[in-house]
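# Geometric and topological summary
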Amino acid sequence: MKSFVGCLFLVIGVLPLAFAGHNYGEALSKSFLFYEAQRSGYLPHNQRVHWRGNSGLNDGKASGIDLVGGYYDAGDNVKFGLPMAFTITMMSWSILEYGRQMGASGELGHAMDAVKWGTDYLLKAHPEPYVLYGEVGDGNTDHFCWQRPEDMTTSRAAYRIDPNHPGSDLAGETAAAMAAASIVFRRYNPGYANELLNHAHQLFEFADKYRGKYDSSITVAQKYYRSVSGYADELLWAAAWLYKASNNQFYMNYLGRNGDALGGTGWSMTEFGWDVKYAGVQTLVSQILMSGKAGHNTLVFERYQQKAENFMCSCLGKGNRNAQKTPGGLIFRQRWNNMQFVTSASFLASVYSDYLTSAGKYLKCSSGYVSPNELLSFAKSQVDYILGDNPRATSYMVGYGSNYPRQVHHRGSSIVSIKVNPTFVTCRGGYATWYSRKASDPNLLTGAIVGGPDAYDNFADERDNYEQTEPATYNNAPLIGVLARLHAGHSGYNQLLPVVPAPKPVPKPAPRGKVTPAPRPRVLPVPANAHVAIQQRATSSWALNGKTYYRYSAIVTNKSAKTVKNLKLAISKLYGPLWGLTKYGDSFIFPAWQSSLPAGKSLEFVYIHTASPAIVSVSSYTLV
């Protein structure tokens, strides 16, 4: 699979500086193996987790619909629609932000396969505009049995929402998943991307028109995935993703008109996850605002951003209402599967850090201004804790490091593989033989992020300790983006916020006479003894709405034998956004991740506008 490139992945080359301590690339690779272990349905020929077999092959049959496929949510054999759709949304978001970094690691193909395994199922689950199947299997009967998925004898009933049994939260999240995934596949499989986007439009209309909580319609979900936050956050979440996917102004205006009524501008959150989406919506809206595309929605979007920044500040412990942390520094929200909140908060902090850096801004907390790099450092600290930098020196990713959970609360991994011993495992026999067994799992659930420690960093590696040893698909989904970001280090920094949307495909080439050549870059006069040289060139151009846009690259090189520090650049006749430098008063200085320029080294920054190259000059610097 080729690297995922395009307008969304505008990358600035800066001095390589990898993060040290953990092998984030290894952790990233193992995360995708976990998704292969969670697959339901007919396994593909390239399945790498060989201890799994086909399962759930009659799903949906009793209802006259094919619902084979998808993912089991955690350590059980039920397919729950709400957390599955959130998982797909977050995997897609991870790819959209850090797909190029995944490509450099050789993992982008696996990432896209993981998304498509989910979206293929979601498409099946949406057979009509106002019908969506939201669960296959029954948590009550499933939890009564301990069977590997290949043997399961539990109910495979299918449950749905429709106009008489609405579920705006489920339909909204599924719309968000399909919209986000449509962007992922737009370059490689445009037909599939369009299909996803069409379903997303329909699901949003369904969610908005027939409002109600899904667990009031699919009541069997109440004990397992109750929608405590209601559906208002999912309506905004879906609108934000549909705007990103379609660039349709209707969805941006929906966010503007409904921000107050649906809570997007009112709720300051300290959590983000499969139930509560407000912090995610607020982060997405902040990106729209910082990219200068909010238009007449600017004032409302600023209120969204204020709540987004409250979330970031609370994670850092610099807000008015801060997230609780363990003595070892891990965010702690609840006893049961706390890790889901850790990975999702880490992802939001990572992307918001990059959004701020792209816009040349700082985070505003009650304690003062905070650099974007501090947000990224927070995310790194949480990931490092997960991978073993904690008071117990335990990795909470199965198969990573040498000290990780061995008795995972997971039916498939805890029972001998059907390929090793095909003897049927009965419903209660699985509990007697395998669940109560005080030994390591026979199958390694590589890459799974388990529930994690308690509020005091304590952890018991016991299969019946489901609050701490059960994994979940939505634990890993945000983490894969952060792992890709950290593995790439500063050299993999992903610059975002293009000033214009991606150019639309043109059916036929424009006539030769219509082509506008790029303006010739100005050659700056540089004294013979100058220590800092600047070279500019136009690297691409495109026409949109009657205007020609140019992307300019500027290379700043230290030609001296010493290190340049305290560099200040003056830039005039700049009419668009700039990436790769930090705005400081009337000048531009080194980006947040860089404090100096060693002898002979260069840094690059870029900008986009419709004019000739900007005038860039060196105001001051020091040599050390």
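How each quantity is defined
Residues numbered from 1 in each chain as written. Predicted model: local features only at pLDDT ≥ 70, side-chain atom pairs only at ≥ 80, totals over all residues. Heavy atoms only, no water. Helix = DSSP H or I, 4+ residues; strand = E, 2+ residues; numbered from the N terminus. Buried < 20%, exposed > 50% of the residue type's maximum accessible area, 1.4 Å probe, protein only. Contact = heavy atoms within 4.5 Å. UniProt positions renumbered as here; feature names shortened; annotations may be inferred. 1 Å grid on protein atoms, 1.4 Å probe; cavity = no way out; pocket = protein on both sides within 12 Å on 5 of 7 lines; lining within 4 Å. Expected span 1.5 Å × (residues − 1). Pairing = 2+ DSSP bridges. Salt bridge = Lys/Arg side-chain N within 4 Å of Asp/Glu carboxyl O. Disulfide = S-S within 2.5 Å. Polar contact = N/O pair within 3.5 Å; in protein donor to acceptor, adjacent residues only side chain to side chain. Phe/Tyr/Trp six-rings, centres within 6.5 Å; stacked < 30°, edge-to-face > 60°. Lys NZ or Arg CZ within 6 Å of the ring centre and 35° of its normal. Points joined across faces, edges and corners; volume = space filled by probe spheres on them. Axes fitted to C-alpha atoms, helices over the stretch in contact; angles between N-to-C directions. Parallel < 35°, antiparallel > 145°, perpendicular 65-115°, else oblique. Left-handed = near helix turned anticlockwise from the far one by under 90°.

## Some points on the side chain of K277
Following the sequence through the fold, K277 ends up in the loop between α9 (249-258) and α10 (278-290). Overall, K277 belongs to the buried group, its relative accessible area being 0%. If near-sequence neighbours (up to four positions away) are discounted, K277 is found in contact with L82, F86, E173, D233, E234, W237 and F272.

## Some details on the UniProt feature "active site" (unreviewed entry) in the chain
In this structure's numbering, the residues bearing the UniProt feature "active site" (unreviewed entry) are H409, D461 and E470. Across 62 residues of sequence, these annotated residues stay compact in space, with a maximum C-alpha separation of 10.2 Å. Of the annotated set, the members that line the second largest pocket are H409 and E470. Relative to the assigned elements, H409 resides in the loop between α13 (372-386) and α14 (411-414).

## Concerning helix α1 (residues 24-37)
In a regular helix each residue adds 1.5 Å, so 14 residues correspond to 20 Å; α1 covers 20 Å between its end C-alpha atoms and thus fits that length. Buried positions along α1 lie against α2 (81-104), α3 (108-124), α13 and α17 (473-488).

## A few points about the sheet that holds strand β4 (residues 158-161)
If you trace the 3 strands from one edge of the open sheet to the other, you get β2-β3-β4, paired in antiparallel fashion. For this open sheet the edge positions go to β2 (79-80) and β4, each flanked by a neighbour on one side alone. Where strand β3 (residues 132-136) meets β4, 4 bridges bridge the pair, whose relative direction is antiparallel. Counted as the bridge partner of V136 is A158 from β4.

## Here we look at the pattern of salt bridges
Any two side chains of opposite charge can pair if their charged atoms end up close together. Here the structure, examined in full by the defined rule, presents 21 salt bridges. D162 is paired through a salt bridge with R160; the nearest N and O atoms lie 3.4 Å apart. For R160, a relative accessible area of 35% corresponds to the partly exposed category. The network of salt bridges with shared partners includes D59, K79 and R156.

## Comments concerning the state of the cysteines
Counted according to the given criterion, the structure contains 2 disulfides. Paired by a disulfide, C145 and C427 hold their sulfur atoms 1.9 Å apart. Judged by the sign of its S-S torsion, about -85 degrees, the bond between C145 and C427 is left-handed. With a gap of 282 residues between them, C145 in the loop between α4 (139-144) and β4 and C427 in the loop between α14 and α15 (429-435) connect regions that are remote in the sequence. For C145, a relative accessible area of 6% translates into the label buried. Paired through a disulfide, C313 and C365 show a sulfur-sulfur distance of 2.0 Å. As the torsion about the S-S bond is roughly -95 degrees, the C313-C365 disulfide counts as left-handed. Of the two residues, C313 sits in helix α11 (residues 298-316) while C365 sits in strand β5 (residues 363-365), which places them 52 residues apart along the sequence.

## Details of the side chain of D441
The residue D441 is located in the loop between α15 and α16 (466-469) in this model. A distance of 2.8 Å separates the side chain of D441 from the side chain of R463, its partner in a polar contact. Each residue touching D441, except ones within four places of it in the same chain, is listed here: R406, Q407, V408, S413, S414 and R463.

## Re unusual backbone geometry
The backbone phi angle of N337 is positive, close to 45 degrees, even though this residue is not glycine. With respect to the helices and strands, the residue N337 is situated in the loop between α11 and α12 (339-359). One non-glycine residue, K573, lies in positive phi territory at about 55 degrees. As for its placement among the helices and strands, K573 is situated in the loop between β10 (564-572) and β11 (578-579).

## Comments concerning the packing of aromatic side chains
What the rule picks out here adds up to 30 aromatic pairs. Centroid distance Y35 to Y71: 5.7 Å. Interplanar angle 70 degrees. Geometry classified as edge-to-face. Linking Y35 in helix α1 with Y71 in the loop between α1 and β2, this pair joins segments that are 36 residues apart in sequence. Pairwise contacts between aromatic rings join F86, W93, W237, W241, F272 and F347 into one cluster. Lying over the aromatic face of W117, R39 brings its terminal NZ or CZ to 4.6 Å of the ring centre. The ring of F588 has K583 sitting right over it, with the charged end atom 5.3 Å from the ring centre.

## As for the layout of surface pockets
In this structure, the second largest pocket spans a volume of roughly 820 Å³. If you go around the second largest pocket, you meet 34 residues; those closest to its centre are Y224, Y225, W274, Q334 and W336. Among the secondary structure elements, those contributing two or more residues to the lining of the second largest pocket are α12 and α15.

## Digging into the packing of α2 against α12
Interhelical geometry of α2 versus α12 gives an angle of 30 degrees and a closest axis separation of 12 Å. Classified by the angle between their axes, α2 and α12 sit roughly parallel to one another. Two packed elements cross with a definite hand, and for α2 against α12 that hand is left-handed. Two secondary-structure elements touch here, α2 through M90, W93, S94, E97 and Y98 and α12 through F347, L348, S350, V351, D354 and Y355.

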